[in-house]
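The lines below spell out each chain.
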Amino acid sequence: MAAGAGVLTLEDIHVDTLCGTCRVTEMLVDALGAPVHESLCAGCWTERQVQRMKSDGVLLTLDDLDGLPRIEPLIMGYLSQRETVVLAGKHGSMKSFLVLDWGMSVACGRRWQGNDVTQSPVLYVVKEGVNGLRDRRDAWTTAWNQPRPADFHIMRAKANLWDAGNRRPAFQEVETLAKYLGAKMVIFDTLSSLFGGARDSDGEDMSALTSALDDLREAIDGTVVLVHHTGWGNDGRVRGSTV
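These figures come from a predicted structure and were not determined experimentally. (Residues numbered from 1 in each chain as written. Predicted model: local features only at pLDDT ≥ 70, side-chain atom pairs only at ≥ 80, totals over all residues. Heavy atoms only, no water.)

1. A look at the pattern of salt bridges
To keep it simple, the criterion reads: Salt-bridge detection follows one rule: a side-chain nitrogen of Lys or Arg within 4 Å of a carboxyl oxygen of Asp or Glu. Starting at the N terminus, helices and strands are each numbered in turn, a helix being any DSSP run of H or I of at least four residues and a strand any DSSP run of E of at least two.
Taken as a whole and judged by the stated rule, the model has 9 salt bridges. In this structure, R52 engages D56 in a salt bridge whose closest nitrogen and oxygen atoms are separated by 3.9 Å. The salt bridge partner of K179 is E175, with a shortest N-O separation of 2.9 Å. Of the two residues, K179 and E175 are both situated in helix α5 (residues 172-181); the distance of 4 residues between them amounts to about one turn of the helix.

2. Quick look at the side chain of R110
To keep it simple, the criterion reads: Here the term buried applies to any residue with accessible area under 20% of the maximum for its type, exposed to any over 50%, and partly exposed to those in between, with areas from a 1.4 Å probe on protein chains only. The sign given to each residue is positive for Lys and Arg and negative for Asp and Glu; His and the chain ends receive no count. A contact between two residues is defined here by any heavy atoms of the two lying within 4.5 Å.
Position of R110 among the secondary structure elements: in the loop between α3 (95-108) and β4 (122-126). Notably, R110 is buried but unbridged: the nearest opposite-charge side chain belongs to D101, and the N-O separation is 4.6 Å. Discounting residues that sit within four places of it in the chain, R110 has contacts with S105, V117, W140, W144 and Q146.

3. Some points on a nonpolar patch on the surface
Inclusion rule: Put simply, a patch holds well-exposed residues, over 30% relative accessible area, that have no salt bridge, with like charges counted together within 9 Å and Val, Leu, Ile, Met, Phe, Trp or Tyr side chains within 5 Å. Computed with the Shrake-Rupley method and a 1.4 Å probe, the accessible areas treat only the protein chains shown as cover for residues.
Side chains of L60, L62, L65 and L68 sit close together on the surface and give an oily, nonpolar patch of about 400 Å² of accessible area. The topology assignment puts L60 in the loop between α2 (42-55) and β1 (73-75). Assessed through its relative accessible area of 38%, L60 is described here as partly exposed.

4. Some details on the sheet that holds strand β8 (residues 185-189)
To keep it simple, the criterion reads: Two strands qualify as a pair provided that DSSP identifies no fewer than 2 bridges between them. To obtain each axis, a line is fitted to C-alpha atoms, and for helices this fit is confined to the stretch in contact; angles are then taken between N-to-C directions over 0 to 180 degrees.
Taken together, the 5 strands give an open sheet; going across it, the order is β3-β9-β8-β4-β5, and neighbouring strands pair in parallel fashion. Edge strands, defined here as strands with exactly one partner in the open sheet, are β3 (84-89) and β5 (152-156). Mean inter-strand twist for the sheet, computed between neighbouring axes without regard to direction, equals 20°. With 5 bridges connecting them, β8 and strand β9 (residues 223-229) associate as parallel partners. Bridging from a neighbouring strand, I187 pairs with V225 of β9. Strands in contact with α3 are β3, β4, β5, β8 and β9; relative to β8, the strand with the most contacts, it is inclined by about 160°.

5. Structural notes on unusual backbone geometry
Positive phi, close to 60°, is recorded for R82, a residue that is not glycine. On the secondary structure map, R82 appears in the loop between β2 (79-80) and β3. On the basis of relative accessible area, R82 is assigned to the partly exposed category, the value being 29%. Positive phi, close to 55°, is recorded for D221, a residue that is not glycine.

6. A closer look at the side chain of S120
We count it as follows: Distance and chemistry together define a polar contact, namely a pair of N or O atoms within 3.5 Å, with one atom able to donate a hydrogen and the other to accept it when in protein, and with adjacent residues in sequence counting only for side-chain atoms on both sides.
Relative to the elements of secondary structure, S120 occurs in the loop between α3 and β4. One polar contact links the side chain of S120 to the main-chain amide nitrogen of K184, over a distance of 3.0 Å. Ignoring sequence-local partners within four residues, the contact set of S120 consists of V106, A107, G182, A183, K184 and M185.

7. Description of the packing of aromatic side chains
For clarity, the cut-off: Pairs were defined over the aromatic rings of Phe, Tyr and Trp, the Trp ring being its six-membered one, requiring ring centres within 6.5 Å. Orientation was assigned from the angle between planes: stacked under 30 degrees, edge-to-face over 60, tilted for the rest. Only when the NZ atom of a Lys or the CZ atom of an Arg is both within 6 Å of the ring centre and within 35 degrees of the ring normal do we say a charge sits over the ring.
In the structure shown here, the tally under the stated rule is 6 aromatic pairs. Both rings, one in Y78 and one in W112, keep their centres 4.9 Å apart while their planes meet at 80°; by these two values the pair is edge-to-face. A residue pair is termed long-range when its members are at least 10 positions apart, and Y78 in the loop between β1 and β2 and W112 in the loop between α3 and β4 qualify at 34 residues. Between W102 and W112 the ring centres are 6.3 Å apart and the planes differ by 70°, which places this aromatic pair in the edge-to-face class. With W102 in helix α3 and W112 in the loop between α3 and β4, this residue pair connects regions lying 10 residues apart in the sequence. Take W102 and W112: they sit in the same class, and that class is buried. Site record: aromatic cluster; members linked through ring pairs are Y78, W102 and W112. Directly above the aromatic system of W144 lies the positively charged group of R110, at a separation of 3.9 Å from the ring centroid. Against the face of F97 rests R136, its NZ or CZ located 4.4 Å from the ring centre.

Remember that the coordinates give geometry; whether it matters functionally is a separate question.
Structure, rendered in C-alpha cells:
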C-alpha cells in the first residue's frame, strides 16, 4: 500500500465501487494526506481491503492457482525448488557430507544417487570446519570422478548471523551474495555455529529464524537448507523448539 500497511490512500480507491455516501467528492478531498478509512463507511473500507488482498495475491480463488508456478524438483524425489528445508541428524551422522554431496551435485548438474538434478549455482554458508572442507572436496571429486564444480561457492561467515539486538537473523550479506552469484540453493551449516545467541528451545527465536529463512527463499527464488542437530535425549526429533 502506498501509505503503509493497513492504510489506504486515494490511489487505492476505485470510486465507482463505493456506496453513494462515500462517493461524495468533499469527503474524498478531505481524506488527502490522511488515512482514507476515516472517510469511508465500514462496508466500503472492507471492500477496499479485500480488493487490495486480491491484487496482492493474498486472497486467491481456485482459478488463480493456475497462475502459480508448479512445484519443480531440485533433486528429484528429495528436494524441491523454492522450499525451506531443515536437515537434522545426531552428531556424527554425516549431515555435512550429505549437504555437500547435494550442493556439489546441484552446482555441476550431476545426477544425485541416480536422481535427476536441476543445475544451479550454490552458496554454502559455514563458520566452523572450513579447513576440513578441502579433504571433503577431494573425497567427493575422487569418489564420483568429477572435476571441482565451479558454481559451488563457500561463504565463510566471520561474524554471527544472529542479530541479538533485534532477535532475528542478519541475512543481508547472504542475500546480496546469493543474488550476485545467481544461486538458487543456499545451505547454512549449522544452526548452532552460525546463529549463536539464538535459543533453539525458544519458540520466538525459532519463529523469527524460520520467517527469515522463508524471506530469503523468496528473495532468491530458490531453496534454502538449514543443517541442525537432533536432541541429546531423543535423536528422532530436532533439538529445541519445533515451530
